[in-house]
Amino acid sequence: MRELDYNFAIERLTTFIREKAEETGVDGVVVGVSGGIDSATVAYLAVKALGKRRVLGLIMPYYENRDLDDARLVCESLGIDYKVINIRSIVDEFESAVGGLDTRSRGNVMARTRMVLLYAHANAMNRLVLGTSNRSEFLTGYFTKWGDGASDYAPLINLYKTEVWEIAKLLGVPERIIEKKPSAGLWEGQTDEDELGISYRLLDEILWRMVDLGMGNAEIARELGIGIEMVEYVENLVKKSEHKRRLPVGPVF
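To start, this report covers the structure provided alongside it. Because the structure is a prediction, the values reported are computed rather than measured. (Residues numbered from 1 in each chain as written. Predicted model: local features only at pLDDT ≥ 70, side-chain atom pairs only at ≥ 80, totals over all residues. Heavy atoms only, no water.)

Now for the overall build of the protein. A tally of helices and strands in the protein yields 12 helices and four strands. Expected size for 253 residues packed as a compact globule is a radius of gyration near 18 Å; at 18 Å, the protein falls within 12% of this value. Each of the 253 residues in the protein was classed as buried or not, and the buried ones make up 49%. Partitioning the contacts of the protein with sequence separation of at least 6, the portion at a separation of at least 24 is 75%. In the form shown here, the protein has an accessible surface area of approximately 12,400 Å², with 50% of it arising from carbon and sulfur atoms. The averaged location of the 39 negative side-chain charges in the protein is 3 Å from the averaged location of its 32 positive side-chain charges. (Helix = DSSP H or I, 4+ residues; strand = E, 2+ residues; numbered from the N terminus. Rg over C-alpha atoms; globule rule 2.2 N^0.38 Å. Buried < 20%, exposed > 50% of the residue type's maximum accessible area, 1.4 Å probe, protein only. Contact = heavy atoms within 4.5 Å. Areas by Shrake-Rupley, 256 points an atom, 1.4 Å probe, with all protein chains shown as cover. Lys, Arg positive; Asp, Glu negative; His and termini not counted. Charge placed at Lys NZ, Arg CZ, Asp CG, Glu CD.)

In structure tokens:
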């Protein structure tokens, strides 16, 4: 993987958040705190950049599980104001209106419900929504379009997942959150790596070589000592999710 000066990266991230808040003239930011590493890292960065009084954490569970406790831990460790809004009744109303949803579609509704709530609070409080997507998930399309992929600014968007872990350690994010298996919390027992079909560490090694260095698939496979099929699998994730990384387009006249 690339070598980053993580202390410099933290300074760059906090400066970015502070500058964007100043440029737009907002009173602060809103962060969706899930109990996972990405949202915890963004919350810690936001407090470092703006101070705890200007950061609101929204905890929006569908399931009552350990993630809720971990999200509370993040907010309480930082001393920021936070609200817990159970989204089950809202999602159930959507499902009723549609006439039933499969597991994946329900997960997408959950993600979009959370973003609606984030923007409702941000609009009411003259604040920005800080997104929590990282580069690994952005490049592979591992996010819900107009759900967790939507935000005003996404501080981690150019950092790979493995790099977010390193930054989280330096920021003092609670160890139990750093060590837990990443999960979007879209259904019970769901983990990111199971759904992606590859570990983040291997994914990041492939993506960095493929996207940043422009290496060919055979060269990547040879350098990492893996089958070319795995590299092609990652390449397909990137290609088929291209539509999720761009605004809607139409024909040119």
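Picking up where we left off.
As for its position among the elements, Ser199 is in the loop between helix 9 (192-196) and helix 10 (200-212). Here Leu202 takes part through its backbone nitrogen, which lies 3.2 Å from a polar atom of the side chain of Ser199. (Polar contact = N/O pair within 3.5 Å; in protein donor to acceptor, adjacent residues only side chain to side chain.)

Considering all chains together, one arrives at four aromatic pairs under this definition. Aromatic side chains Tyr62 and Tyr63 sit 5.0 Å apart centroid to centroid with 80° between the ring planes, which places their arrangement in the edge-to-face category. Their ring planes at 15° and their centres at 6.0 Å tell us that Phe138 and Phe143 sit as a pair that is stacked. Accessibility expressed as a relative area gives 10% for Phe143, which makes it buried. The aromatic ring of Tyr62 is capped on one face by Arg88, whose charged end is 4.2 Å from the ring centroid. Here the basic side chain of Lys244 rests over the ring of Phe143, its NZ or CZ set 4.8 Å away from the ring centre. (Phe/Tyr/Trp six-rings, centres within 6.5 Å; stacked < 30°, edge-to-face > 60°. Lys NZ or Arg CZ within 6 Å of the ring centre and 35° of its normal.)

Another aspect to go through is the pairing of strand 3 (residues 81-84). Summarising the sheet, strand 2 (residues 55-59) and strand 3 pair through four bridges and their orientation is parallel. Looking at the pairing, Ile59 lines up with Val84 of strand 3. The parallel pair strand 2 and strand 3, bridged by helix 3 (residues 66-78), forms a crossover whose chirality is right-handed. (Pairing = 2+ DSSP bridges. Right-handed = clockwise from strand over helix to strand, strands pointing away.)

Looking now at the sheet that holds strand 2. An order of 3-2-1-4 is seen for the four strands of this open sheet, with the pairing classed as parallel. The open sheet has two edge strands, strand 3 and strand 4 (127-130), and neither has a second partner. The mean inter-strand angle of the sheet, taken between neighbouring strand axes irrespective of direction, is 25°. (Axes fitted to C-alpha atoms, helices over the stretch in contact; angles between N-to-C directions.)

Before going further, it helps to spend a moment on the side chain of Thr162. As for its placement among the helices and strands, Thr162 is situated in helix 7 (residues 161-171). We classify Thr162 as buried; its relative accessible area is 9%. For Thr162, the side chain forms a polar contact with the side chain of Asp204, separated by 2.7 Å. Each residue touching Thr162, except ones within four places of it in the same chain, is listed here: Met1, Tyr200, Arg201 and Asp204.

Another aspect to go through is the packing of helix 7 against helix 10. Relative orientation and spacing of two packed helices are given, respectively, by the angle between their axes and the distance between those axes. Following both chains from N to C, one finds helix 7 and helix 10 inclined at 115°, their axes separated by 8 Å at the closest point. Residues Lys161, Thr162 and Trp165 of helix 7 lie in contact with helix 10, whose contacting residues are Tyr200, Arg201 and Asp204. Among the residues forming the contact of helix 7 with helix 10, the class breakdown is two nonpolar, one polar and three charged. (Nonpolar A, V, L, I, M, F, W, Y, C, P; charged D, E, K, R; others polar.)

With 56 residues, the main nonpolar core has Val29, Val74 and Val173 as its most contacted residues. Per-element tally for this core: the top contributor is helix 2 (residues 37-50), with 10 residues. Among residues more than four places away in sequence, those in contact with Val173 are Ile37, Ala40, Thr41, Tyr44, Ala168 and Ile178. The next biggest cluster of nonpolar side chains, apart from the first, holds 18 residues, and it includes Leu58, Leu117, Leu118 and Ala122. (Core = buried A, V, L, I, M, F, W, Y, C linked by side-chain atoms within 4.5 Å.)

Further remarks concern the environment of Arg54. Mapped onto the fold, Arg54 is located in the loop between helix 2 and strand 2. One polar contact links the side chain of Arg54 to the main-chain carbonyl oxygen of Val26, over a distance of 3.4 Å. At 3.1 Å, the side chain of Arg54 forms a polar contact with the backbone oxygen of Asp27.

Within the element layout of this structure, Ser133 appears in the loop between strand 4 and helix 6 (135-140). Here the side chain of Ser133 touches Asp148 through a polar contact of 3.4 Å, landing on its backbone oxygen. When residues no more than four places from it in sequence are discounted, the contact partners of Ser133 are Asp148, Gly149, Leu156 and Ile157.

By themselves, these are just geometric observations and shouldn't be taken as functional.
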